[in-house]
Amino acid sequence: MTEHQSSSRMQTSQKKPLVTVSMPAFNSERYIAEAIESILAQTYQNFEFIIVDDGSTDRTREIIDSFQDPRIVKVYSDRNRGLITTRNRIAQLAKGKYLALLDADDRAYPDRLEQQVAFLEANHADLCGADHWTLNQVTGQIKSSKQRHSNADIHALLSVCSPVCNPAMMGRIEIFRQFPYKASYLHAEDYCLWTEIALAGYRFANIKKKLITYRLHSTQTSVNHFQAARNVFSEAQADYLRRLNIPKKCLPRALPFLKRWKYGIQFMVLINQKIPNISIGANQELYARFQFRGNGLMTPFTRMERLLAASFSSLIGRF
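Thresholds, definitions, all that
Residues numbered from 1 in each chain as written. Predicted model: local features only at pLDDT ≥ 70, side-chain atom pairs only at ≥ 80, totals over all residues. Heavy atoms only, no water. Patch = residues over 30% accessible without salt bridge, like charges linked within 9 Å, V, L, I, M, F, W, Y side chains within 5 Å. Areas by Shrake-Rupley, 256 points an atom, 1.4 Å probe, with all protein chains shown as cover. Salt bridge = Lys/Arg side-chain N within 4 Å of Asp/Glu carboxyl O. Lys, Arg positive; Asp, Glu negative; His and termini not counted. Charge placed at Lys NZ, Arg CZ, Asp CG, Glu CD. Helix = DSSP H or I, 4+ residues; strand = E, 2+ residues; numbered from the N terminus. Buried < 20%, exposed > 50% of the residue type's maximum accessible area, 1.4 Å probe, protein only. Polar contact = N/O pair within 3.5 Å; in protein donor to acceptor, adjacent residues only side chain to side chain. Contact = heavy atoms within 4.5 Å.

Participant: Is there a simple way to think about a positive patch on the surface in this case?
Facilitator: On the surface, a cluster of positive charge is made up of Lys249, Arg253, Lys259 and Lys262. The residue Lys249 is located in the loop between helix 9 (226-243) and helix 10 (257-274) in this model.

Participant: It is not clear to me how a nonpolar patch on the surface should be interpreted in this structure. Could you clarify?
Facilitator: Together, Phe257, Leu258, Trp261, Ile280, Met304, Leu307 and Leu308 make up an exposed nonpolar region whose accessible area comes to about 700 Å². Contributing elements (two or more residues each) for the nonpolar patch: helix 10 and helix 12 (299-316). Checked against the element boundaries, Trp261 lands in helix 10. By relative accessible area, which is 38% here, Trp261 ends up partly exposed.

Participant: Please explain the side chain of Thr60 as it appears in this structure.
Facilitator: With respect to the helices and strands, Thr60 occurs in helix 2 (residues 60-65). Residue class for Thr60 comes out buried when judged on its relative accessible area of 0%. A polar contact is formed between the side chain of Thr60 and the backbone nitrogen of Glu29, at a distance of 3.3 Å. Side-chain polar atoms of Thr60 contact the side chain of Asp58, separated by 2.7 Å. In this structure, Thr60 is in contact with Ala25, Asn27, Ser28, Glu29, Ile32 and Asp53, ignoring residues within four places of it in sequence.

Participant: Sorry, what's going on with the pattern of salt bridges here?
Facilitator: When the charged atoms of two side chains lie near each other, side chains of opposite charge can form a pair. One pass over the full model with this rule turns up 18 salt bridges. Residues Glu174 and Arg172 are paired through a salt bridge, measuring 2.6 Å at the closest nitrogen-oxygen approach. Residues participating in the shared-partner salt-bridge network are Arg87, Asp103, Glu189 and Asp190.

Participant: Explanation requested: the environment of Val52 in the structure shown.
Facilitator: Mapped onto the elements, Val52 comes out in strand 3 (residues 47-54). Taking relative accessible area as the criterion, Val52 reaches 2% and is therefore assigned buried. Once the C-alpha coordinates of Val52 and Lys74 are considered, the two residues, 22 residues apart in sequence, prove to be 6.1 Å apart.

Structure (C-alpha cells):
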C-alpha cells in the first residue's frame, strides 16, 4: 500500500490554521462535491481541509482533484484501510487547535465553523455538536433533530443513545488524539468514542442552531451493518453504566410497570446523583426507555408516568 499526500498551499506563507476539517471518503462520488463545496463556502476562513480518499474505486478521487483551493490537503490511499483508520490518520495530520468532522455525504451550512469556533473559544465546552436536519435520500423526507444541549443532558443520554451527531462535531484536537477511534468498536465507533471521552470528564454541548444536513441513504455503514452496530452499542452501553457504578439490573430496557417502577426509578435516581443538573426533559427521555412503545390508548398515562418519574428523580438526585 502506498499513500500520496498533496496540497497547493504554501506552508511558509500561511498562518497556522485554528481548525482542521476532517473528511474521509470512500466511493463517495454521488455526494462529495456538495460536501466539499459546503466547507469551502464557510464564513470562517482560518482552516485547513484534509480530505482522504480511502482507496475508492469510483470517481471520488477525480472529483477531489477538481478542487484546487489552497486550504485543501489531499491524501490518497491505494487501498481501502477503513473509516476508523482514516479518521485517526487525519487527527494525526491535523495542524489545527480544533478538529471539525464532516462526512463526505453530508453538508455544512456556511456559518457552521464560525459558530462552533466562537463557542469553543469562549470555553463553553471541550467538544460541541449542533442541531441539524436529517435528509432521507430515498424518500426525500427531511426532519429536524431533537437534541439536548447541556453537558449534563448529553452525559446522561449517553446511557441510552448517542446524543450528538458525529459529522456535526468539533473539539480540541488533543482529545481526538488521546481517544482515537477503536477498531474493536467497529460499526458503533462514534458512540463508543463519546462514552470514553465523557467518562474522562470532558464537557460536551450541542449548539442550538442547525449547522449541517445529515444524509441517510442505503449505502451507509449504519444501514448495512445495523445488527453488528447494535451488538457493539450494547456492549459499550453496559460498560458505560458499569463505570458509572450503576448496577446491571438497572440497564434501561422495556419492563412491565412494577419492574420498571422498581429498577427504572433506581436507575433514574442513581444517574441523577452521578450526573447533577440533568433536565426534566432529558430525564423523561431516559425513563421512556423503560416503557413499552406504541401503547395507543395508554399513551397519556405513560406520559404522565414519565413526567412523574423524571420529576421525582430530579428532586431526589439533588440530595
